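Architecture at a glance
Listed here are the chains, written in short residue letters.
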Amino acid sequence: MTNSVAAQRGFMHHRAAVESSLELAVARIGDPQPAIYARLFALHPAMETEFWRDTSGRIRGEMLNRSFEMVLDLAAPYAPDGGWGGAFLGTEAITHDAYGIPRTVFADFLPIVAAVIRDGCGNGFTPAMAAAWELVLDRAAQTLAALPGSSNEARVIDVDDVLPPVGERGLPFPMR
């Protein structure tokens, strides 16, 4: 089924438009990962130090891969309430709260991805692609807005507060 037929039937046209934008951007600029993280670090310089262990770029690559999966799901017609993509985004936002990543930084990531893809597509970025990315960003923003608040502070958990007393731990629990 071609993209135009899918759009006429209203079947997966937003997802198809996002897929087309990703394919076009990659064809024109190659791997978008360096540009995406360069923009993130330019906007939030402190975030670069968060990736101190990622000397190969694999952690950033995995994060971006998961983000693309989430974006494609958020673009799907079965996800008006977020679907799996919304659930994943919410979970990751809360996980990143525990790492001490401010929600504002987390919330800026997908708009940065969208901007890099748009710029990578150049004049090939169509109104359908723009509408699809707008839908994705709106759904993502709604998901993040619906989450409980964040202190934006890294949580410090004392294992003695959550594990049984040292004398009762046995082999599966860490000993101090």
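Heads up: the structure comes first, above all this text.
The structure reproduced in this document is the subject of the present report.

What counts and how
Residues numbered from 1 in each chain as written. Predicted model: local features only at pLDDT ≥ 70, side-chain atom pairs only at ≥ 80, totals over all residues. Heavy atoms only, no water. Helix = DSSP H or I, 4+ residues; strand = E, 2+ residues; numbered from the N terminus. Buried < 20%, exposed > 50% of the residue type's maximum accessible area, 1.4 Å probe, protein only. Contact = heavy atoms within 4.5 Å. Areas by Shrake-Rupley, 256 points an atom, 1.4 Å probe, with all protein chains shown as cover. Axes fitted to C-alpha atoms, helices over the stretch in contact; angles between N-to-C directions. Parallel < 35°, antiparallel > 145°, perpendicular 65-115°, else oblique. Left-handed = near helix turned anticlockwise from the far one by under 90°. Nonpolar A, V, L, I, M, F, W, Y, C, P; charged D, E, K, R; others polar. Salt bridge = Lys/Arg side-chain N within 4 Å of Asp/Glu carboxyl O. Polar contact = N/O pair within 3.5 Å; in protein donor to acceptor, adjacent residues only side chain to side chain.

A count of helical and extended segments in the protein chain gives eight helices and zero strands. Going from N to C terminus, the protein chain has its helices and strands arranged as α-α-α-α-α-α-α-α. Out of the 176 residues belonging to the protein chain, those deemed buried represent 38%. Pairs at least 24 apart in sequence give 69% of the contacts found in the protein chain among residues at least 6 apart. Carbon and sulfur atoms make up 58% of the accessible area of the protein chain, which amounts to about 10,300 Å² in all.

The next point concerns the packing of helix H3 (residues 33–43) against helix H6 (residues 103–121). Where H3 contacts H6, the axes come no closer than 9 Å and their chain directions differ by 135°. With respect to their mutual orientation, H3 and H6 come out oblique. Helix-helix and strand crossings are classified by hand; for H3 and H6 the assignment is right-handed. Residues Ala 35, Ile 36, Tyr 37, Arg 39, Leu 40 and Leu 43 of H3 touch H6, and the partners they reach there are Val 105, Asp 108, Phe 109, Ile 112, Val 113, Ala 115, Val 116 and Asp 119. Along the lines of polarity and charge, the residues of the contact of H3 with H6 split into 11 nonpolar, no polar and three charged.

This brings us to the pattern of salt bridges. Opposite charge on two side chains makes pairing possible when the charged atoms of those side chains draw close. Under the definition given, this model contains seven salt bridges. Across the salt bridge formed by Arg 60 and Asp 54, the nearest N and O atoms sit 2.6 Å from each other. Exposure remark for Asp 54: the relative accessible area of 5% places this residue in the buried category. In this structure, the salt-bridge partner of Arg 103 is Asp 97, at a minimum N-O distance of 2.6 Å. Classification of Arg 103 by relative accessible area gives buried; the value is 16%. Judged by its relative accessible area of 11%, Asp 97 falls in the buried class. If you follow the salt bridges from partner to partner, you end up with Arg 39, Arg 118 and Asp 119 in one network.

This next bit is on the side chain of Arg 103. Residue placement: Arg 103 occurs in helix H6. Here Pro 148 takes part through its backbone oxygen, which lies 3.1 Å from a polar atom of the side chain of Arg 103.

This part takes up the packing of helix H4 (residues 58–74) against H6. Axis angle and axis distance: for two packed helices, these are the angle between their axes and the distance between the axes, and together they describe the pair. At their nearest, the axes of H4 and H6 sit 12 Å apart, and the two run at 80° to each other. Classified by the angle their axes make, H4 and H6 are roughly perpendicular. Together, Leu 64, Ser 67, Phe 68, Met 70 and Val 71 of H4 and Phe 109, Leu 110 and Val 113 of H6 make up the contact between the two elements. Counted by class, the contact of H4 with H6 contains seven nonpolar, one polar and no charged residues.

In this section: the side chain of Asp 54. By the secondary structure assignment, Asp 54 is in the loop between H3 and H4. Here Ile 59 takes part through its backbone nitrogen, which lies 3.0 Å from a polar atom of the side chain of Asp 54. Polar side-chain contacts of Asp 54 include one of 2.6 Å to the side chain of Arg 60. With residues up to four places along the chain from it excluded, the contact list for Asp 54 reads Ile 59 and Arg 60.

Treat this as a map of the structure, not an account of what it does.
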